[in-house]
Structures are given as C-alpha cells and as structure tokens.
Amino acid sequence: MPELRDDGPVLVLDLGDDENRFSPDWMDGVHALLDTVVDRPGPAALVTTARGRFFSNGLDLEWLAAHEDRLLTYVERVQGLLARVLTLPVPTVAAVNGHAFGAGGMLAMAHDFRVMRADRGYFCFPEADIDIPFTPGMAALIQSKLTPAAAVASMTTGRRFGGLDAHALGLVDGTAGPDELVAAADARVRPLAGKSRATLGAIKETMFAAAVTALRDTGIPAA
C-alpha cells in the first residue's frame, strides 16, 4: 500500500513495491496521504515515486473484470484522482522509477514535473494496441502537458519509451540514475515549497480547466 515519508518541506509519496494498479483500496490510500500533504502546516512540496519495477501499471483490470457493474463509478474515481493530482495546491514531481503504463503514465503526467530513470522502465500509453480508447478526460490531461507532436507519437502508437527517449520527446522533464532519482526530483520542487497554496491551486485550476472539467465527467475507460 502507499506510504508517505516526510523530508520537510518535501513529502515523498511512495506508491508501493508491486504493480501499483489503481485498485479501489489503493486509491483510498493515495487520497488519504494526499490529505496529509494538503493539511501539512508550513511550506510543502510532493515527490511521488515507487519501489521495484513499476511506478504504476495503470488500471486494475482484474478488479474490473470481477466488478463490471461498477465500471462507471470506478472510472469516475480514477479520473477524480488524476484531477486532484493535476490541481494539487503544492508543487509536485513524479520520480518515475520504473514502468509507467496507461493510467500510471497519466498519473505521472498529472504532476507538475516528471523525472525518469535513464536506465530502466518504459513510459507507455498502450491504448491503441489494446483497443481501449482514451476517455475525453484522460486525453485532455495528456494533451494539456504535451506538444501536439508528442501527443500523437505517444497516444496513437502504443510505443514504449525508455527514459532517454521519453525525455527527448518531452514526456518527462529529465532523467537520473537509480540512486539519484528521488534527489533529482526533490531538487525540482524543494525551492518551490513556500508558494501560496491558495494561489498555486487557483493557477492550476485555471491552467488546466478544460482537462479538469473533462476528468470530472465519466467516459470510456482507458488502461
């Protein structure tokens, strides 16, 4: 399950050490820890990372197969979490330690910045290969962070991008070795930790208004 470490003023959200799929319990855990981040007094910034081979492998398709009658509610919850991270009123950075597939890549995209391991892991939106279209909200989230060319290259091909290729395309803002990844992510947000939360939250709500509106609606699920 997710855990939170306090390296004041930077808080490190550890998504877990398995595939870190978006199960309902896992999302509950992430939301609870985000509550702690938002409620923390004084300056704060967030680094999100994980342990092992995966940052996040996306939707919990096994859970969905067993709960088909709850599909729309599930998609609402996934999109709600993405919208929350997108507009979180503190500086955020994803330290992508391993594979970030589908909704896992979208979670990374929802952060202000992304740093990825140069030597391991793939960043991939596999929807075109698994015949699951993006919801309008998920597409809007990705497109709000990428150039049109990068959106086409990543959303329509199903290509797996290693860290260096992901950086070259603009999926991530930088790369680092395994031992320096969290430190590199920390360095991006620690100087920003004192920003006004009210102001920063309002700026993000305005910057990403179209994506947030679409995410708060329910649509066709993505992987």
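Preceding this section is the structure that the text describes.
Residues numbered from 1 in each chain as written. Predicted model: local features only at pLDDT ≥ 70, side-chain atom pairs only at ≥ 80, totals over all residues. Heavy atoms only, no water.

A. Up close: the overall build of the protein chain. Broken down by element type, the protein chain carries eleven helices and ten strands. Scaling as 2.2 N^0.38, a compact globule of 223 residues should have a C-alpha radius of gyration of about 17 Å, and the protein chain matches this with 16 Å. Projecting the C-alpha coordinates of the protein chain onto the three principal axes gives extents of approximately 45 × 35 × 30 Å. Looking at the 223 residues of the protein chain, the share that counts as buried comes to 53%. Once local pairs closer than 6 in sequence are excluded, the contacts in the protein chain between residues at least 24 apart make up 76%. Of the accessible surface of the protein chain, which amounts to about 9400 Å², a share of 55% is contributed by carbon and sulfur atoms. Averaging the positions of the 20 positive and the 28 negative side-chain charges in the protein chain gives two centres separated by 6 Å. (Helix = DSSP H or I, 4+ residues; strand = E, 2+ residues; numbered from the N terminus. Rg over C-alpha atoms; globule rule 2.2 N^0.38 Å. Buried < 20%, exposed > 50% of the residue type's maximum accessible area, 1.4 Å probe, protein only. Contact = heavy atoms within 4.5 Å. Areas by Shrake-Rupley, 256 points an atom, 1.4 Å probe, with all protein chains shown as cover. Lys, Arg positive; Asp, Glu negative; His and termini not counted. Charge placed at Lys NZ, Arg CZ, Asp CG, Glu CD.)

B. Spatial organisation of the sheet that holds strand β8 (residues 123-124). Spatially, β4-β6-β8-β9 is the arrangement adopted by the four strands of the open sheet, whose pairing is mixed. Because the sheet does not close on itself, it has two edges, and the strands there are β4 (54-56) and β9 (160-161). Summarising the sheet, β4 and strand β6 (residues 99-101) pair through two bridges and their orientation is parallel. Note on β6: the bridge partner recorded for Ser56 is Ala100. Here helix α4 (residues 103-110) sits on the sheet in contact with β4, β6 and β8, set at roughly 100° to β6. (Pairing = 2+ DSSP bridges. Axes fitted to C-alpha atoms, helices over the stretch in contact; angles between N-to-C directions.)

C. Spotlight on unusual backbone geometry. Of the consecutive residues Gly8 and Pro9, the connecting peptide bond is found in the cis state with omega at 5°. For Pro9, the position within the fold is in the loop between β1 (3-7) and β2 (10-14). The phi torsion at Asn20 lies on the positive side, around 55°, for a residue other than glycine. By the element assignment, Asn20 lies in the loop between β2 and α1 (24-39). Non-glycine residue Asp131 carries a positive phi angle of around 60°.

D. Representation of the packing of α1 against helix α3 (residues 71-86) in the model. Running from N to C, α1 and α3 cross one another at 25°; their axes reach a closest spacing of 11 Å. One way to sum up the angle between α1 and α3 is to call them roughly parallel. Considering the relative orientation of α1 and α3, their crossing is left-handed. Seen from α1, the contacting residues are Pro24, Trp26, Met27, Asp28, Val30, His31, Leu34, Asp35 and Val38; seen from α3, they are Tyr74, Arg77, Val78, Leu81, Arg84 and Val85. (Parallel < 35°, antiparallel > 145°, perpendicular 65-115°, else oblique. Left-handed = near helix turned anticlockwise from the far one by under 90°.)

E. Summary view of helix α9 (residues 181-189). Buried within α9 we find Leu181, Ala185, Asp186 and Val189. Seen from one end, α9 has its buried residues packed into an arc of 130°, which puts them on one side. Facing away from the buried side of α9 by more than 90 degrees, the exposed set consists of Ala183 and Ala187. Looking at the packing, one finds that the buried side of α9 touches β1, β2, β3 (45-49), β5 (92-96), β7 (113-117) and β10 (174-176). (Arc of directions from axis to C-beta.)

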